[in-house]
Amino acid sequence: MKLGLEVEYWVVDDRGRPCDGRDLVEAHEHAKPEFVGPLLEIQTSPHESVRSLGRELQETLRTVLDAAEETDRHLVPLGTPLTELSVPATTRRGELFEEIYGDGILSAKNCAGTHVHFEQGRVERQLDLLTALDPVISLVSSSPYYRGERTMDCARADAYRRRCGDRFRRYCDLQPYVDGVDEWERRVRRDFEGFVDIAADRGVSESEVHAHFTPEDAVLAPVRLRRSLPTVEWRAPDAALPSQLLRLVADVAALMERTERTPVEFGDPGVSADRIRIPEFGDLRTLSDEAVRWGLGSARVREYLDALGFDIRAYRPLSSQLSGPGELYEDEARRMRLDCAARLRADVESLADRRVAEPAPTAPRYSYA
């Protein structure tokens, strides 16, 4: 199964202040601008093993980090910038999001996440499994702060999914399981039609919406089916240290590969030789809420992850390591950003020592932007 990764990182100056990083895309072809200037996306090409994916991620990050440091800038692996980032969009698509979402776009501007692409196989099983894995975000949660307040263990998920406004929550929040791919595609088309209607209410024409959005990329939910790539995209995790993300990708990929031969069924959560059992959506929702609020501090979340085969002891999420007051001021936020930037640099340099599966090089069968 081919794997691809996209990770968003904040760009800060030598004093820890968010700053424009768009020119850093010139350092490497896999560095891409995001819709706000202080956010940069690092991508990989498709790989058949986590080891080869990790090598490419390390090489790209090392190159971009070197380029940033030449101009006294750094990359920061946090799910939020800790305090509020208030900057205009720098792309036309971003400007349209501003017009359509209004004040609800603030949460997207203050969130940095990780997107994992899995080559499509048994798509219905893959969609159900990735939905059920939502509580796994607690393993790599990287910021407990949103707009200067200590809110949740995974502040990014709380903000991105729930603080976009009631009208847009359906586009950003975890969505229920569906009964087959046909139902999934009907839901995507229905949601896109609603998105076009909301845009019209905000003065954005249907032709402009169609020029910059498609049904499959207008919805920003944690799980997306990308027919155009073709991949199943998992957007649930925070931006985080590369070593932690690669471990997570390896663990999730092992489960995803099982869906080729193992059915995904509802029942008491667990993985056995002949089936993967996941909870009903109502129970999953409760677990996800606890994962967002308490992270690995929730006994129910820990038990759930253990039932699905995750070694919780192998993860040290940054969020639990960021000790600070309930209300965070800018001076302390800058110190935290620079501390996490230093952790990122050290983590990138140590990736060569990480042990993951050997690659099996073949030509990529999909590509993504």
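The structure under discussion appears in the preceding block.
Below you will find a few notes about this structure.

Moving on, we come to the packing of helix α5 (residues 155-162) against helix α11 (residues 281-294). Contact geometry of α5 with α11 gives a least axis separation of 8 Å together with a crossing angle of 125°. By the angle class used here, α5 and α11 are oblique. Facing α5, whose interface residues are A157, D158 and R162, α11 presents R285, D289 and V292. Of the residues in the contact of α5 with α11, the class split is two nonpolar, no polar and four charged.

The next point concerns helix α4 (residues 123-132). Of all the 10 residues making up α4, nine are buried; the element is thus mostly covered by neighbouring parts of the structure. Burial in α4 covers these residues: V123, R125, Q126, L127, D128, L129, L130, T131 and A132.

Applying the stated criterion across every chain, the model contains 37 salt bridges. The residue R162 makes a salt bridge to D289 at a minimum N-O spacing of 2.6 Å. Highlighted residues: R162 in helix α5 and D289 in helix α11, separated in sequence by 127 residues. A relative accessible area of 31% means that D289 is categorised as partly exposed. Three or more residues are tied together by salt bridges with common partners; here these are D158, R162, R163, R169, D173, R285 and D289.

Turning our eyes to something else, we now look at the sheet that holds strand β11 (residues 270-271). An order of β10-β12-β11 is seen for the three strands of this open sheet, with the pairing classed as mixed. At either margin of the open sheet sits one strand with a lone partner, and together these are β10 (264-266) and β11. For β11 and strand β12 (residues 276-278), the ladder comprises two bridges, and the chain directions are antiparallel. Among the inter-strand pairings, V271 is bridged to a residue of β12, identified as I276.

Side chains of strand β8 (residues 223-226) alternate between two faces, with V223 and L225 and R224 and R226 buried alike. Relative to strand β9 (residues 231-234), β8 is paired through four bridges, and the arrangement is antiparallel. In the sheet register, L225 faces β9, and the bridge partner there is V232. Joining the antiparallel neighbours β8 and β9 is a turn of four residues.

Reading the values: the criteria
Residues numbered from 1 in each chain as written. Predicted model: local features only at pLDDT ≥ 70, side-chain atom pairs only at ≥ 80, totals over all residues. Heavy atoms only, no water. Axes fitted to C-alpha atoms, helices over the stretch in contact; angles between N-to-C directions. Helix = DSSP H or I, 4+ residues; strand = E, 2+ residues; numbered from the N terminus. Parallel < 35°, antiparallel > 145°, perpendicular 65-115°, else oblique. Contact = heavy atoms within 4.5 Å. Nonpolar A, V, L, I, M, F, W, Y, C, P; charged D, E, K, R; others polar. Buried < 20%, exposed > 50% of the residue type's maximum accessible area, 1.4 Å probe, protein only. Salt bridge = Lys/Arg side-chain N within 4 Å of Asp/Glu carboxyl O. Pairing = 2+ DSSP bridges.

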